[in-house]
Amino acid sequence: MDVDSNRKPHIVQCVLRRLLQHTVKHRPSLLERVYPVSTQLATRMLDAGYKFLSQYGRWCPVQLMKGMVSPPQAPLYPAVYRQHVVYLSSAQARDEFTAQPLAYLQQTPPAHLVPVRLAIVGPPKSGKSTIARKFSQEFGLLRLSIGGAMRRILDTQPKSELAKNLSEHLHQGLTAPDELAVQALELALMDSRAQSRGWILDGYPVTKKQIELLTKRKIIPVRVVELQVEPREIMVRGGKDRNSEDSAVSSALECCQCTTALRS
């Protein structure tokens, strides 16, 4: 910073004030550091427990400071500040937060939304997964089946004791016990989206024992939707799916044959 001190004192003072205005304004956050990260990296750090979600959840603190209280919507722009992941609504909001994070983090966080907790059960081919996906897309819920919960633990925490127990049963061709499955579901529901927006269970629980295990671990859906379909309609839907799978396989075989003929 160069200032010509040969000029009159009041002019030099005015120039210094102008040059130091940004530094003085952001003086509390002068030594703070904010690191922009991708959404995928932020999700991985949260899932692994390396970083924690901020007290604002997925709400943008910059928008809250400006009085905009609309629910968070994708795309979001995450940033790492100390031990927390902060989600911002835009790249400009992230730049503003980076300039003075303490100014935005000193405000009162918004009232938490009541997370939605649903379960959809019913016979095969009744449309459970289709409805669960629509709920997930419409309301931002975390959709989980019991198989998806176990896969999530095996993928994200392969060295944990639970993952080793699950792998031992699966490698032997056995069905994972309900106790291990519910443990995997409990860990999967610790996802930040499940805690802030809610979750929906796809096709679970189906037995009284599973209900008792969920109740014991305080995994209690607020509403359980049971789909009822006539047996004849289930047979028709199963036949349509089988025909579509057969046509897909035959198309794949034809493509393979064409590829082989072209190569030869």
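Because the structure is a prediction, the values reported are computed rather than measured.

A look at the overall build of the protein chain
Within the protein chain, the regular secondary structure consists of 12 helices and eight strands. Of all 264 residues assigned to the protein chain, the portion counted as buried reaches 32%.

Describing the environment of L154
By the element assignment, L154 lies in helix α7 (residues 146–156). According to the relative accessible area criterion, L154 is partly exposed, its value standing at 23%. Separated by 10 residues in sequence, L154 and K164 place their C-alpha atoms 8.2 Å apart. Apart from the residues within four sequence positions on either side, L154 is in contact with A163, L166, S167 and L170.

Looking at the pairing of strand β3 (residues 77–81)
Of all five residues making up β3, four are buried, and the element is well covered by its neighbours. Here strand β1 (residues 34–36) runs beside β3; their pairing, made up of three bridges, is antiparallel. Bridge pairing in β3 places Y35 opposite V80. Pairing of β3 with strand β4 (residues 84–88) involves five bridges; the strand directions are antiparallel. Within the sheet, the bridge partner assigned to Y77 lies in β4 and is L88.

Definitions and cut-offs
- Residues numbered from 1 in each chain as written.
- Predicted model: local features only at pLDDT ≥ 70, side-chain atom pairs only at ≥ 80, totals over all residues.
- Heavy atoms only, no water.
- Helix = DSSP H or I, 4+ residues; strand = E, 2+ residues; numbered from the N terminus.
- Buried < 20%, exposed > 50% of the residue type's maximum accessible area, 1.4 Å probe, protein only.
- Contact = heavy atoms within 4.5 Å.
- Pairing = 2+ DSSP bridges.

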